[in-house]
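Coordinate inspection notes
Listed below, chain by chain, are the residues.
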Amino acid sequence: GMYTDKDGQQWYIKHGAESQHVVEDLANKIYRHAGINVPETKLINWEGKVAHASKMLNTDGGGEVPSSISSSHEDIHDGFFVDALLANWDVAGTGDSNLIMDSEGKVHRIDNGGSLYLKATSGSSGEEKPFGPADDHKTPLSELETFIDPSYDMGSTRSSMFKSMDKASKQRAFEKLATLNNTSIADIVHASGIPPYRMDEMTKALISRRNNIIQTLVDNKDGLYEIETTTAGQSFRDIEQKYKLRKEELDAILEDN
């Protein structure tokens, strides 16, 4: 429901599905770090349990995003690789219901509870889905294909969003992904509400999935993901060093946290 705090700010609060709330808040923090538009969110105590509070956006002059815009809007295209990283299968929602335009014309992803290891749900708790380290970096993450191929289940909405991406759009989307180095990923995860027993595995999974996407770009399968970063024959290590993706050794990061 809608609630107003003591300063007059409105928040949309969801409670009753604690695991989903934790996942959505973590996904939003990763999106925000990468510069992808999502509402400001936080986890709060609601009658002794974890709830999810989302700061309401000013949608005057905006609101629902028509398909004619969602298929070409820069804000949507910018999040493609981060959507794949997070396995946000429900990024669009039914009829683009999970996208909203604010008063400045910016498009926000407003319901990201179907990210990481949970499927989207309208019930009390989400069903888990495969989400883990992509140890075989020669096999692209499935989301890199399912998000742009309408033949996959629930792929038609997503594919209409991303199929018109050109080389410049993919380059911008990659730059967003590349802000997520090892240190930032570990810091975000370990400051989140994710259960402690999941924190290290989640950190490693996200780093591995990011590396998988970069390896796919380096391999440039069928030219589908051709971007500036890979046209000069750069290797994975070249990109890793250019964007300081390691920054600090992962073992040290996990030990510090």
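Residues numbered from 1 in each chain as written. Predicted model: local features only at pLDDT ≥ 70, side-chain atom pairs only at ≥ 80, totals over all residues. Heavy atoms only, no water.

Within this structure, the stated rule accounts for 14 salt bridges. A salt bridge links Asp25 to Lys29; the nearest nitrogen and oxygen atoms lie 2.8 Å apart. Taken together, the positions of Asp25 and Lys29, both in helix H1 (residues 18-33) and four residues apart, correspond to about one turn of that helix. When its relative accessible area of 3% is taken as the criterion, Asp25 is described as buried. Judged by relative accessible area, Lys29 falls into the partly exposed class, the value being 31%. Between Lys119 and Glu127 there is a salt bridge whose closest N-O contact spans 3.5 Å. The class of Lys119 is partly exposed, set by a relative accessible area of 29%. Residue Glu127 is classed as exposed on the basis of its relative accessible area, which comes to 52%. Where salt bridges share partners, they join Lys14, Glu24 and Asp111 into one cluster. (Salt bridge = Lys/Arg side-chain N within 4 Å of Asp/Glu carboxyl O. Helix = DSSP H or I, 4+ residues; strand = E, 2+ residues; numbered from the N terminus. Buried < 20%, exposed > 50% of the residue type's maximum accessible area, 1.4 Å probe, protein only.)

Moving on: the sheet that holds strand E2 (residues 10-15). Pairing is antiparallel across the open sheet formed by four strands, whose spatial order is E1-E2-E4-E3. The sheet terminates laterally at strand E1 (2-4) and strand E3 (41-46), the two strands that pair on one side only. Each strand axis lies, on average, 40° off the axis of its neighbour in the sheet, ignoring direction. Across five bridges, the pairing between E2 and strand E4 (residues 49-55) is antiparallel. Across the sheet, Ile13 pairs through a bridge with Ala53, a residue of E4. Contacting E2, E3 and E4, H1 runs over the sheet at an angle of about 40° to E4. (Pairing = 2+ DSSP bridges. Axes fitted to C-alpha atoms, helices over the stretch in contact; angles between N-to-C directions. Contact = heavy atoms within 4.5 Å.)

Before going further, it helps to spend a moment on the environment of Asp102. By secondary structure assignment, the location of Asp102 is in the loop between strand E6 (99-101) and strand E7 (107-109). Since its relative accessible area comes to 8%, Asp102 is described here as buried. Linking Asp102 and Glu64, residues 38 residues apart in sequence, is a C-alpha distance of 9.2 Å. Here Asp102 is in contact with Asn58, Thr59, Gly62 and His108, once residues within four sequence places are set aside.

Let's shift gears to the packing of H1 against helix H8 (residues 182-190). With their axes 10 Å apart at the nearest point, H1 and H8 run at an angle of 150° to one another. For the pair H1 and H8, the crossing hand works out as right-handed. Where H1 abuts H8, its residues Leu26, Lys29, Ile30 and His33 lie against Ser184, Ile188 and Val189. In terms of residue class, the contact of H1 with H8 is built from four nonpolar, two polar and one charged. (Left-handed = near helix turned anticlockwise from the far one by under 90°. Nonpolar A, V, L, I, M, F, W, Y, C, P; charged D, E, K, R; others polar.)

This paragraph deals with the sheet that holds E7. Overall, antiparallel pairing links the three strands, which are arranged E5-E6-E7 in an open sheet. Since the sheet does not close on itself, it has two edges, and those belong to strand E5 (63-64) and E7, each with one partner. Here E5 pairs with E6 via two bridges, running antiparallel. Of the residues in E6, the one forming a bridge with Glu64 is Ile100.

The next thing to look at is the packing of aromatic side chains. Note on aromatic pairs: each is described by the distance of the centres and the angle between the planes. Summed over the entire model, instances satisfying the criterion amount to four aromatic pairs. With 5.2 Å between their ring centres and 65° between their planes, Tyr3 and Trp46 make a pair best called edge-to-face. Taken together, the residues span a long stretch of sequence, with Tyr3 in strand E1 and Trp46 in strand E3 at a distance of 43 residues. The class for Tyr3 is partly exposed, based on a relative accessible area of 36%. A relative accessible area of 21% places Trp46 in the partly exposed class. Here the aromatic residues Phe80, Phe81 and Phe162 are joined through ring pairs into a cluster of three or more. It is Lys129 that lies over the ring of Trp89; its NZ or CZ is 5.0 Å from the centre. Sitting over the ring of Tyr117, Arg198 keeps its end group 3.8 Å from the ring centre. (Phe/Tyr/Trp six-rings, centres within 6.5 Å; stacked < 30°, edge-to-face > 60°. Lys NZ or Arg CZ within 6 Å of the ring centre and 35° of its normal.)

What is shown is where atoms sit, not what they do.
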